[in-house]
Amino acid sequence: MTVITDRWLTAWGLGSIAFGGASLLVPLYLVLLGATPVQLGVLAATAAVVGAPGAIVFGRVANRVDSRRPLVLGTLIGVAASLTAIPFLTSITAVIVANAVLWLFVSSVGPVLTMLVVDDAPESAWSERIGLVNKYQGYGWAGGLVLGTVWPFVGGRLLAAGTVTRTLFWVLAACAGAAAVLAARTLPRPAPSAHVTDERAARRIGRLLADSGRGIRGATFALSPNRLYWMTRGIDPRRLADRFDPALATYFVAGLFFFTGSAAFWAPLPLFLTDAGFDSSRVFALYLTSSLGSAVCYETAGQLAARYDVRRLQSGALAARGALFPSLVAVTGLGASLAFGAAGLVLALLGVTWAGIAVVGTAIVTRLAPAGARGEILGAYVALGAVGGGLGGVLGGWAATAGYFVAFAVSGAPVLVGAGLVVSLEALSRDDRVATPSEPAAASGSDDTETGSTAAARPRRD
């Protein structure tokens, strides 16, 4: 049996440093080149949109090859090459295209990585393996944001002015390159006969990913192409449409609103923070604050969802989020000594609200979905996040041309609409709560139902 060694986990964590750092460094570089809010919106939208088809194509290719390792190695090398090239580009359009290529690589590798870690392993070990990889990826992503925070201080002492940002690209590229070298020696080598390819196993993996803890990346990137691939395999759109009752359809409309509004907020944010007087180090620190706010609250959100009215929990989180978006403009207008701390507090609170939205949202969809189609409905919900990410990027960039307060108010408005739709769902009664790990849900006999799953995912039927 293949063993996931510490060296393999270290290799993927090292590569994730490059992913996390690039997630904010490219938008900041575009700001340095003089990008408009619309161009930042296009940057965010293209990065969101390329992930879904990339993951699907890579996943299908991985199902047809004898060795999946080259796809992971190719991804790390492609990321290293993209990060090396971007600082040489001075055209905003060229940077947007290069960034799309970069995120095509990053997003596409998720399904392949999942296949590698579950191949040649008993199903009882799949959850632990996926959790370990996610954990190291989360550490790496956070490490990339930390590196971006400290690099201006370190690089500023060693490098000429004006080269610090560009040099950080090459540091991140070196992380991806080193990860490729280490991964080439340590990646699992399952035999082709051990590959997991059947649809029943795919549904099981999709459920594990739906229930798995979210990490640092999830604070600002709602779309997980890996989840999208596994959870939409085998979906029949005609059969799926028949499973939507009015309550579930209403929640999906709400989801489209709050996913779009959230993405619209993040699209022009790097330019806003730069214009507010924060240097790149502080912008990285603010993003890290928001990411940590989400990461530390995911477990708590699941526990609350198991005990309280999920309708009020999520509508409250959405209402707070919608109100916090435009408040960021006000707090950055405070004196220089207060603005940074106040902005950090707002972004941390936004991270907390996202934890509630993401975790409780999975609980709500699971509860409203018919027992025999939960996996398909959850897959459609993940796909909804991809659609909202693309729409929101364009909306946020366009709205910011009228001013940042207008942009953030426009971002908050659909989130508030989503809150109103969620609170209207009387079908989500307080008594029908979500199972916790200590209160496993009863199996319904369907392949799409799982007993003993993690918090915020399975409904009680007692």
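As the structure is a prediction and not an experimental result, all values here were calculated from the model.

## Looking at helix α6 (residues 164–186)
- Look at α6: 33 Å from first C-alpha to last across 23 residues, which is about the 33 Å you get at 1.5 Å a residue.
- Buried within α6 we find V164, T167, L168, F169, L172, A173, C175, A176, A179, A180, A183 and T186.

## Looking at the side chain of T167
- Mapped onto the elements of the fold, T167 is located in helix α6.
- In this structure T167 touches W151 and L159, once residues within four positions along its chain are discounted.

## As for the packing of helix α3 (residues 69–85) against helix α4 (residues 92–118)
- Taken N-terminus to C-terminus, the directions of α3 and α4 make an angle of 160°; their axes are 9 Å apart at the nearest point. Viewed along their axes, α3 and α4 adopt a mutual orientation that is roughly antiparallel. Crossing geometry of α3 relative to α4 is assigned as left-handed. Across the interface between the two elements, R69, L71, V72, G74, T75, G78, V79, S82 and L83 from α3 touch V101, L102, F105, V106, V109, V112, L113 and L116 from α4.

## Digging into a nonpolar patch on the surface
- Residues V146, V150, F153, V154, L158 and L159 make up a contiguous nonpolar surface patch of about 530 Å² in total accessible area.
- Tracing the backbone through its elements, the reader meets V146 in helix α5 (residues 123–158).
- By relative accessible area, V146 is classed as partly exposed at 38%.

## A word on the packing of α3 against α6
- Axis separation between α3 and α6 bottoms out at 8 Å; the angle between their running directions is 165°. The pairing of α3 with α6 is recorded here as roughly antiparallel in orientation. When the axes of α3 and α6 are compared, the crossing they make is left-handed. Listed contacts from α6 to R69, L73, L76, I77, V79, A80, L83 and T84 of α3 are F169, W170, L172, A173, A176, G177, A179, A180, A183 and A184.

## Remarks on α4
- With 27 residues, α4 ought to run about 39 Å at 1.5 Å a step, and its terminal C-alpha atoms sit 40 Å apart, in line with that.
- Its maximal kink placed at G110, α4 deviates by approximately 35°, while the proline P111 follows within four residues.
- Across the 27 residues that make up α4, a large majority, 21, are buried.

## Looking at the environment of L30
- Positionally, L30 belongs in helix α1 (residues 6–32).
- Given the relative accessible area of 0%, L30 is considered buried.
- Separated by 65 residues in sequence, L30 and V95 place their C-alpha atoms 7.4 Å apart.

## Observations concerning the confidence of the model for the protein
- When pLDDT is averaged along the protein, the result is 80; 79% of the residues meet or exceed 70.
- Considering only residues more than four positions removed or in separate chains, one finds that residues 430–462, a stretch of pLDDT under 50, has 87 contacts.

## Digging into the packing of aromatic side chains
- Taken as a whole and assessed by the stated rule, the structure comprises 19 aromatic pairs.
- Each ring, one from F265 and one from F325, has its centre 4.2 Å from the other, and the planes form 5°; the classification is stacked. In this pair, F265 is assigned in helix α10 (residues 246–266) and F325 in helix α14 (residues 310–331), connecting sequence segments 60 residues apart. Both residues of the pair, F265 and F325, count as buried.
- Centre to centre, the rings of F278 and F340 are 5.9 Å apart; their planes meet at 65°, and the pair counts as edge-to-face. Pair noted here: F278 is in the loop between α11 (269–275) and α12 (280–295) and F340 is in helix α15 (residues 336–368), with a separation of 62 residues, a long-range link.
- Using a relative accessible area of 28% as the deciding quantity, one classes F340 as partly exposed.
- Through a chain of ring-to-ring contacts, the aromatic side chains of F265, W266, F272, Y287, F325, Y404 and F408 assemble into a single cluster.

About the thresholds
- Residues numbered from 1 in each chain as written.
- Predicted model: local features only at pLDDT ≥ 70, side-chain atom pairs only at ≥ 80, totals over all residues.
- Heavy atoms only, no water.
- Helix = DSSP H or I, 4+ residues; strand = E, 2+ residues; numbered from the N terminus.
- Expected span 1.5 Å × (residues − 1).
- Buried < 20%, exposed > 50% of the residue type's maximum accessible area, 1.4 Å probe, protein only.
- Contact = heavy atoms within 4.5 Å.
- Axes fitted to C-alpha atoms, helices over the stretch in contact; angles between N-to-C directions.
- Parallel < 35°, antiparallel > 145°, perpendicular 65-115°, else oblique.
- Left-handed = near helix turned anticlockwise from the far one by under 90°.
- Patch = residues over 30% accessible without salt bridge, like charges linked within 9 Å, V, L, I, M, F, W, Y side chains within 5 Å.
- Areas by Shrake-Rupley, 256 points an atom, 1.4 Å probe, with all protein chains shown as cover.
- Salt bridge = Lys/Arg side-chain N within 4 Å of Asp/Glu carboxyl O.
- Bend = angle between axes of the 7 residues up to and from the residue.
- pLDDT = per-residue confidence, 0-100.
- Phe/Tyr/Trp six-rings, centres within 6.5 Å; stacked < 30°, edge-to-face > 60°.

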